[in-house]
Amino acid sequence: MSEKTEIKPTLAARLGLAQFGTTERKTVTFGDASAVVGSRFWSIMSVLILAILWWASAAFEWTDPRFLPGPASTWERFVLIATEGYRRVTLMEHLTASMSRILWGFGIGCVVGIPLGFAMGLSNFLRGIFDPIVEFFRPIPPLAFIPLVILWFGIGEESKVLLLFLAALWIMAIAARSGVLSVKLSKVHAAYSLGASKFQVLRHVILPNALPEIFIGMRVALGVCWGTLVAAELLGAQEGIGQMIWVAQKFFLTEIVIIGIILIGVIGIAMDFAMRLLEGWLIPWRGKG
Amino acid sequence: MQNLVAEKIGMIYKLPDGSQVEALKDVSFTLEEGRILTLLGPSGCGKTTLLNILAGFLAPTSGVVSLSDRKIDGPGQDRGMVFQQGALFEWLSVEENVGFGPRMNGRPAAETKKVVDDLLDIVGLGGFGSKAVYELSGGMQQRVALARCLANDPDVILMDEPLGALDALTREKMQGLILKLWKETGKTIILVTHSVEEALFLGDRLFVMAPRPGRIEREYELPFAAQGLEVNPRELKTSKEFIEKREEILSLIWEMEEEIMGSRGEVL
Ligand SMILES: Nc1ncnc2c1ncn2[C@@H]1O[C@H](COP(=O)(O)OP(=O)(O)O)[C@@H](O)[C@H]1O
Ligand SMILES: [Mg+2]
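Residues numbered from 1 in each chain as written. Chains lettered and ligands numbered in written order. Predicted model: local features only at pLDDT ≥ 70, side-chain atom pairs only at ≥ 80, totals over all residues. Heavy atoms only, no water.

Just checking my understanding: could you explain the interface of chain B and chain A for this structure?
How big an interface is tends to be stated in terms of the accessible area lost upon association of its parts. Between chain B and chain A, the contact holds 22 residues from the first and 20 residues from the second. Both sides together, the interface formed by chain B and chain A hides about 1,900 Å², and carbon and sulfur atoms give 67% of it. For the interface between chain B and chain A, the tally reads 1 salt bridge. Ionic pairing is found between Glu 90 of chain B and Lys 187 of chain A, a salt bridge with its closest N-O pair at 2.9 Å. In this structure, the connection of chain B to chain A is made through 5 residue pairs in polar contact (both at pLDDT 80 or more). Contributing elements (two or more residues each) for the side of chain B that touches chain A: β6 (79–82), α3 (100–104) and α5 (138–150) of chain B. Among the elements that line the side of chain B that touches chain A, the one with the most residues is α3 of chain B, at 3 residues. (Contact = heavy atoms within 4.5 Å. Buried area = accessible area lost by both parts, 1.4 Å probe. Salt bridge = Lys/Arg side-chain N within 4 Å of Asp/Glu carboxyl O. Polar contact = N/O pair within 3.5 Å; in protein donor to acceptor, adjacent residues only side chain to side chain. Helix = DSSP H or I, 4+ residues; strand = E, 2+ residues; numbered from the N terminus.)

This is the structure in structure tokens:
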């Protein structure tokens, strides 16, 4: 019998700064995907170097501060619009307006798209009806609908939500359809043999089986919606993070544009991270079938 | 009597390119209540097709199957199914999997819990009820599949290579469990396997099947399953009688193989 001794990872390994475990004794690492785990050390370095470059370019006036303001003046402006606001609308209000559009568009996209995908996965008739529609609209970037949406619905709130809805709808329908189609026949057979009705098979086998793919669809759709939002807010609005940077650009307030871009990036990452947490919590069986 | 009867079953699959595969031809048998039948044969001889027809998932292109004189025309709770692997519901815990049938039938929760606990004890998984199925080993997962099937108290249990994915030692243990369940419950069982030894050990009847078209090539009545629990299984499997039967069946399979290879002009 081999003895099992407990080895504690070093502090560096625990911080992700050094290799630990099976990887450190490997002699072949180039080409071994499991050995390429990245190094947090280099991640920290890369962010640091970018920040220093930004700071230096302003401090030594390598660039014109009107086009690329430095971190200090950007931070000042950030504090200003966070507290007093820009054009009497605070940053928080801009963000809330954008988030609520996202939640409405994405939410309705899920509520319509998921049942649509289920219908397409379960019925020949409905698959036949909806396949051409979904396949046609899926590759069209949502922004291509902007002119039509303006013509039909004007530039109000509905138009923006409609665009985001269109961005989410096809993605959700296709994700739900492929979730339904991925069910193993033996599971469906087992359920029927155990006395389940059609509805029970749908509710207790097909739905939970499709959840992982629906979740992946939701993550993608949320990302696409977020990307569409800035452009959707071009359709005139008082509030919204996209609107804020468009207006700021007209008045040459580069700091606000930069703040907006950084916030859009950070919130995008945060939403994806939140979805992943939710995924791990709601569907721990993902990939374990 | 709950006899399982197949009368001249034929199954022809039509392929999209217009060709046809005759997966079963003229398969007839009567399996009396409480027997355990093993089906042995090379891949593609229609074992899965036959099981699917008996389970009611497929309608044969000709012939009739019936259980206690009622025609089988769809899945039903009188026939339970155990698949090779991956048919457990990974989103449910072990006990939720086992209790699936009773729950779908609207049985009271307390009654279901008792049935589930008893079954988990019987298959040797007492105390594992709240585990996730993907945390269990392959052998334990098949125990869950057996228990899930038994929870509905079917008359007939159909098993399609239930032990096919298990390692040798786990496999022997599971064979013992299946024999024990068969003896204690008196259920009618049909079990598909690739292993000659397993087919001999578990079957009190054995069909050797042949492909193209899928059919029953030869039938055996066997004494081993009945003795299997009283004597040491290793002793039984190495007894003179057992080995003779094993060699007889192996040479039959070799003959069949040579016929197929010969007719296609192939060499090993
Ligand atoms: N759904 C299907 N469509 C077409 N051919 C099939 C289908 N299922 C099985 N077959 C064919 O029928 C024959 C018997 O298959 P199967 O019942 O799976 O055999 P076994 O389980 O003994 O390996 C094989 O030749 C197989 O290719
Ligand atoms: Mg098979």
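Back to the text.
What's the story with the sheet that holds strand β1 (residues 4–14) of chain B in this structure? I'm lost.
Each strand in a sheet pairs with another by means of backbone hydrogen bonds, the pair being arranged parallel or else antiparallel. Residue and element names in this part refer to chain B. Sheet architecture is open: 4 strands sit in the order β2-β1-β4-β5, paired in antiparallel fashion. Each edge of the open sheet carries a strand with a single partner, namely β2 (20–31) and β5 (70–71). Pairing between β1 and β2: 8 bridges, direction antiparallel. Within β2, the residue paired with Leu 4 across the bridge is Leu 31. Relative to β2, helix α1 (residues 47–55) is tilted by about 60°, and along the sheet it contacts β1, β2 and β4 (62–67). (Pairing = 2+ DSSP bridges. Axes fitted to C-alpha atoms, helices over the stretch in contact; angles between N-to-C directions.)

Just checking my understanding: could you explain empty space enclosed by the protein for this structure?
Summary: where empty space remains is shown by rolling a probe the size of a single water molecule over the atoms. All names here are of chain B. A complete count under the given rule lists 3 cavities of 30 Å³ or more for this structure. Contributions of two or more residues to the lining of the largest cavity are made by β6 and α5. For the lining of the largest cavity, the leading source of residues is α5, giving 4 residues. The residue makeup of the lining of the largest cavity, split by class, is 6 nonpolar, 4 polar and 1 charged. (1 Å grid on protein atoms, 1.4 Å probe; cavity = no way out; pocket = protein on both sides within 12 Å on 5 of 7 lines; lining within 4 Å. Points joined across faces, edges and corners; volume = space filled by probe spheres on them. Nonpolar A, V, L, I, M, F, W, Y, C, P; charged D, E, K, R; others polar.)

Where do I start with the packing of aromatic side chains in this structure?
Two descriptors summarise a pair of aromatic rings, namely the distance from one centre to the other and the angle between the planes of the rings. A full pass over the atoms with the stated rule returns 14 aromatic pairs over all chains. Plain terms: the ring middles of Phe 137 of chain A and Phe 145 of chain A are 5.9 Å apart, the flat faces sit at 35° to each other, and that makes the pair tilted. In this structure Phe 137 of chain A comes out as partly exposed when scored by relative accessible area, which is 24%. On the basis of relative accessible area, Phe 145 of chain A is assigned to the buried category, the value being 12%. With 4.8 Å between their ring centres and 65° between their planes, Phe 224 of chain B and Phe 242 of chain B make a pair best called edge-to-face. Here Phe 224 of chain B is found in helix α8 (residues 224–227), whereas its partner Phe 242 of chain B is found in helix α10 (residues 240–264), with 18 residues between them in sequence. (Phe/Tyr/Trp six-rings, centres within 6.5 Å; stacked < 30°, edge-to-face > 60°. Buried < 20%, exposed > 50% of the residue type's maximum accessible area, 1.4 Å probe, protein only.)

So what exactly am I meant to see when it comes to the layout of surface pockets here?
Residue and element names in this part refer to chain A. In this structure, the largest pocket spans a volume of roughly 350 Å³. Lining the largest pocket are 16 residues, with Gly 121, Leu 122, Val 188, Tyr 192 and Ile 206 sitting closest to its centre. Broken down by secondary-structure element, the contributors of at least two residues to the lining of the largest pocket are α4 (91–122), α5 (124–137), α8 (185–193) and α9 (198–232). The element that contributes the greatest number of residues to the lining of the largest pocket is α9, accounting for 5 residues. Of the residues contributing to the lining of the largest pocket, the split by class is 10 nonpolar, 3 polar and 3 charged.

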